[in-house]
Amino acid sequence: MRTRQIAVAAVVALTLGACAQGTDEEPGDATVTETVTVTETVTATPPDGGGESPTDDESTPSDDGASASTCEEVKAGEGDSLAFVFVESPGPGQAVPSGFEVTGCANAFEATYEWELLDRDGAELAAGFGTATCGTGCVGDFTFTVDYTVGELQVGALRVFTRSAEDGSVQDLNAIPLRLEP
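What you are looking at is a predicted structure, and each value in this text was computed from that prediction instead of being measured.

What counts, and where the lines are drawn
- Residues numbered from 1 in each chain as written.
- Predicted model: local features only at pLDDT ≥ 70, side-chain atom pairs only at ≥ 80, totals over all residues.
- Heavy atoms only, no water.
- Disulfide = S-S within 2.5 Å.
- Buried < 20%, exposed > 50% of the residue type's maximum accessible area, 1.4 Å probe, protein only.
- Salt bridge = Lys/Arg side-chain N within 4 Å of Asp/Glu carboxyl O.
- Helix = DSSP H or I, 4+ residues; strand = E, 2+ residues; numbered from the N terminus.
- Core = buried A, V, L, I, M, F, W, Y, C linked by side-chain atoms within 4.5 Å.
- Contact = heavy atoms within 4.5 Å.
- Pairing = 2+ DSSP bridges.
- Polar contact = N/O pair within 3.5 Å; in protein donor to acceptor, adjacent residues only side chain to side chain.

Visitor: Is there a simple way to think about the state of the cysteines in this case?
Guide: Taken as a whole, this structure holds two disulfides when the rule is applied. Each sulfur of the disulfide joining Cys-134 and Cys-138 lies 1.5 Å from the other. Taking the sign of the S-S torsion, -90 degrees for the link of Cys-134 and Cys-138, the bridge is left-handed. For Cys-138, a relative accessible area of 16% translates into the label buried. Numbered by order of appearance in the sequence, the disulfide-linked cysteines of the protein chain pair as 1-2, 3-4.

Structural data, given as structure tokens:
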């Protein structure tokens, strides 16, 4: 099994006046910039689903430089037996209120995955686990809801991953920076 370290840095500038509906503030009145850095160990990425490579920002690169943007594309390449966790929605940088829904797919041991939502300081706001519709050699879908509370608009990170049966370490990590709404 091959592992590599990847540092993901997300910088999102939020214009509070544009985000607050129903206020008299003009866009650009107040800008907040947050930086979230996540270090992950990747043991596999979703297999290439074939076809044309998507060009949108929600695609996830595979080891060969190709990319897959949806779980349907990932499932088209099911012949590959690499383990992975792929979050389809929400996308990076998306504003999410408490109670937002997460969808994706995974090829994980016994179809199990874990998730956690971290605030801008890396503190855990919410966590849980679930089971995809299929696993251990096949791609299964998952959906879960995340409830959280924050006092102000900020950038956080949703982490969806599996754990090693051998030592309990995090593996197959998919980390997405999100704008967390109060």
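Visitor: For this particular structure, what's the right way to read the pattern of salt bridges?
Guide: Two side chains with opposite charge may pair up if their charged atoms get near one another. The full count for this structure, using the stated rule, is three salt bridges. Close ionic contact of Glu-114 with Arg-163 constitutes a salt bridge, the shortest N to O distance being 3.1 Å. Within this pair, whereas Glu-114 is found in strand β8 (residues 112-118), its partner Arg-163 is found in strand β11 (residues 154-163), the two being separated by 49 residues in sequence. We classify Glu-114 as partly exposed; its relative accessible area is 26%. Across the salt bridge formed by Glu-116 and Arg-159, the nearest N and O atoms sit 2.5 Å from each other. Residue Glu-116 is located in strand β8, and its partner Arg-159 is located in strand β11; the two are separated by 43 residues in the primary sequence.

Visitor: Explain the nonpolar core here, please?
Guide: Side chains that are nonpolar tend, in soluble globular proteins, to be buried together. If you look at the biggest cluster of nonpolar residues, it comprises 23 residues, and the most contacted ones within it are Phe-100, Phe-142, Val-146 and Val-160. Listing elements by their share of this core, those giving two or more residues are β5 (84-89), β7 (100-107), β8, β10 (140-146), β11 and β12 (170-180). Residue contacts for Phe-100: discarding those within four places in its chain leaves Pro-90, Leu-117, Phe-144, Thr-145, Val-146, Tyr-148, Leu-158 and Leu-178. Core analysis: the next-biggest nonpolar cluster, separate from the first, contains six residues, Val-74, Phe-84, Cys-105 and Val-139 among them.

Visitor: I would appreciate a short explanation of the pairing of β7 in the present structure.
Guide: The two faces of the sheet receive side chains in turn, since in a regular strand these alternate between them. With respect to burial, β7 is a largely interior element, six of its eight residues being buried. Where β7 lies against β10, seven bridges are found, and the strand directions are antiparallel. The residue bridging Ala-106 from the neighbouring strand is Gly-140, located in β10.

Visitor: So what exactly am I meant to see when it comes to the environment of Asp-172 here?
Guide: Along the polypeptide, Asp-172 turns up in strand β12. The exposure class assigned to Asp-172 is buried, which follows from its relative accessible area of 4%. A polar contact is formed between the side chain of Asp-172 and the side chain of Thr-162, at a distance of 2.8 Å.

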